[in-house]
Structures are given as C-alpha cells and as structure tokens.
Amino acid sequence: MRTLRPLSLLLLVALSLTAQPVRVPLPAGVTIQENIPYDTHPQTVMDIYKPGGKGPHPAMIVIHGGGWTGGAKASMVATWVVRYLEKGFVVANVEYRLAEVATAPAAVEDALKAANFFLDNAKKYGADPKRVAVTGGSAGGHLALMVGMTPRSAKLGKPVKVRAVINFYGITDVDDQLHGPNMRKYAVTWVPEGPDRAALARRVSPMTYVRKDVPPVLTLHGDADATVPYEHGVNITKALTEAGAQAEMIPVPKGIHGFPKETQDQLYPRIFEFLKRHGVME
C-alpha cells in the first residue's frame, strides 16, 4: 500500500478544513435546526433559526436566488438571516429544487410547500403565524412574490397567507426573459422549449396574479440592474397599486443586481418600517 508523505497529509488536512461550511456569527441566544424536510425530495429542506427571548416572535421566510439554476440557503445567512435575527424574528431559510433537478414550475411548488409547512408549524418554532412575511432576492424575490400572490386557480399548490412580501429585484415577468433583449440563460434553462412554454411562463409569473387581495408588497430594485430589468419592479408595483393592492417600491439609484452591504444598511431601516406599518413587527 502506498503511504502518503507528510506534505501530502498536510495538504489533505488543509483541503478538508477548507471544505467545512463557514459558520456566520449569530446574535446571542439563537438556536438552529438544520435541514428540516418540508417535502420528500432531498433538496426540499429548510433551516430554522430561533432567537432568544420569549415568543411568539415575528417570522421571516428567506428564499435564496441564483436564477433557479444555482445558489444555496447557506449564502443567505450573513446578509439576510442575521438582519432579522437581530430584530427578534424566527427565520426559515429555504432550499428548493434547482433546474438541473427539476425545471419549472418545481421551484414555485417547493416555495409554496415550504411556506405552508412553516406556517403549519409556526407555533412549534416559537413564531406567530399571523406575523409571517417572506423575502428573497432575484429568483428568490420571484419566489417570494409567488408565495404571496399565487391563487388556488394556478394549481401550483395550496395558497399561502403571509402578512407581507419583501421583494429584492425579483423577476416578475418570466416570459420577458425567455426571448428578445432581456433573454437570460438561467430563464431559458428553467423554462425549457416546449409547446406550452409561453403558458408555463405566464403561470409562474407574479404579474399574472396581480389583484387587490394580495399581501402588502415592498419591492427594492436598482435602476442600473443588468440582470433583471428595473422595469420588472416598476411594472409590478404600478400594476398592484392600480389593482388596489398595497404596494411600494424603493428605487436604488445606480443600483446593480445584488446590493453591497453599505446599500443594504441604508435600506433595512425602511424595510423594518414597512413591516411595522403592516403588522409584522411591533
């Protein structure tokens, strides 16, 4: 049997150490339950973060982006999950099936199941089921909107009753990204060619479900976004407002796709103020 030299052993140790997940510092008293299944697929799991102190707490469902083709819940902890833990929220950080496992509408179906699972078990996790909101960025923003807006008639899953939606630069019109100047590879991967492609794109688009009786929606979008056009945020805010829904938009001048920490630091006080006005936070 071949033996490893000391240098090789050191290299293996170093590689094994770098392969370990990075743990983000959390506020004192926070406990975590990881990879809780909300459906039968290996990818359909969530992490529950519970703050210290007496509940019931407000809650936020967090959904990662990545164009429905990439991304992972671990990427959301430092700049999304911690923000809400610091305010005393229970946080559900959701994983879902990506396009390489299942194309559209799988991610939407998973997001709806995840949200319903969390609401059904909210009290178990110390959360107030009447003060649950949902957020995400990019494809995660799209899925957050779908959680808040999808009706039973869409036949994508059981409708979800959340108190508010915080949409960071989410795709609101999927068909717009399947062709023409706004076509994106991630979109054509998630919604592949087929005879019913256009109908499927409409079925998984938040713009399809604009109506008065949706939860309040706050959209944050940069006017220099080269991935998801700024108009996606403008159009859904305008359509919801005209339909009689409660919708607001915070434009971010020169904002690109994915805000740096400095921009987020300026935006989150306005997000928390929105959540207080709509009964999520006290």
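## Topic: helix H4 (residues 139–149)
Residues three or four positions apart in an α-helix share a direction because the helix packs 3.6 residues into each turn. Most of H4 is tucked away: eleven of the eleven residues are buried. Those residues of H4 not exposed but buried are Ala139, Gly140, Gly141, His142, Leu143, Ala144, Leu145, Met146, Val147, Gly148 and Met149.

## Section: the packing of helix H2 (residues 77–85) against helix H8 (residues 261–277)
Axes are the key here: two packed helices are described by the angle between their axes and the distance separating the axes. Closest axis-to-axis distance for the H2/H8 pair is 12 Å, and the angle between their directions is 40 degrees. Between H2 and H8, the angle falls in the class oblique. As for how H2 packs across H8, the hand of that crossing is right-handed. Of H8, the residues touching H2 (which contributes Thr79, Trp80, Arg83 and Tyr84) are Lys261, Gln264, Asp265, Tyr268, Ile271, Phe272 and Leu275.

## What to know about the packing of aromatic side chains
As enumerated under the stated definition, the model contains twelve aromatic pairs in all. When the centroid spacing of 5.9 Å and the interplanar angle of 75 degrees are considered together, the rings of phenylalanine 168 and tyrosine 169 count as edge-to-face. Both residues of the pair, phenylalanine 168 and tyrosine 169, belong to the buried class. Relative to tyrosine 268, the ring of phenylalanine 168 has its centre 6.1 Å away and its plane inclined at 35 degrees; by these criteria the two rings are tilted. Of this pair, phenylalanine 168 sits in strand S6 (residues 164–168) while tyrosine 268 sits in helix H8; the two residues are 100 residues apart in sequence, bridging distant segments of the chain. Comparing phenylalanine 168 with tyrosine 268 shows no difference in burial state: the two are buried. Chaining the aromatic ring pairs together yields one cluster made of Trp80, Tyr84, Phe89, Phe168, Tyr169, Phe259, Tyr268 and Phe272.

## Overview of H8
Its 17 residues give H8 an end-to-end C-alpha distance of 24 Å, which sits within 8% of 24 Å, the value for a rise of 1.5 Å per residue. Where H8 bends most, the angle comes to about 30 degrees, and this point is leucine 267, followed within four residues by the proline proline 269. Of all the residues in H8, the buried ones are Thr263, Gln264, Leu267, Tyr268, Ile271, Phe272, Phe274 and Leu275. Contacts made by the buried residues of H8 are with strand S3 (57–63), H2, strand S5 (127–137), S6, strand S7 (217–222) and strand S8 (247–252). The positive-phi residue at the C-terminal boundary of H8 is glycine 279, with phi of around 80 degrees.

## As for the packing of helix H3 (residues 106–120) against H4
Running from N to C, H3 and H4 point in directions that differ by 60 degrees, and their axes come no closer than 9 Å. On the basis of the axis angle, H3 is oblique to H4. For the element pair H3 and H4, the recorded crossing hand is right-handed. Contacts between H3 and H4 pair Ala107, Val108, Ala111, Leu112 and Ala115 from the former with His142, Leu143, Met146 and Val147 from the latter. Tallied by class, residues from the contact of H3 with H4 come to eight nonpolar, one polar and no charged.

About the cut-offs
- Residues numbered from 1 in each chain as written.
- Predicted model: local features only at pLDDT ≥ 70, side-chain atom pairs only at ≥ 80, totals over all residues.
- Heavy atoms only, no water.
- Buried < 20%, exposed > 50% of the residue type's maximum accessible area, 1.4 Å probe, protein only.
- Helix = DSSP H or I, 4+ residues; strand = E, 2+ residues; numbered from the N terminus.
- Axes fitted to C-alpha atoms, helices over the stretch in contact; angles between N-to-C directions.
- Parallel < 35°, antiparallel > 145°, perpendicular 65-115°, else oblique.
- Left-handed = near helix turned anticlockwise from the far one by under 90°.
- Contact = heavy atoms within 4.5 Å.
- Phe/Tyr/Trp six-rings, centres within 6.5 Å; stacked < 30°, edge-to-face > 60°.
- Expected span 1.5 Å × (residues − 1).
- Bend = angle between axes of the 7 residues up to and from the residue.
- Nonpolar A, V, L, I, M, F, W, Y, C, P; charged D, E, K, R; others polar.

Treat this as a map of the structure, not an account of what it does.
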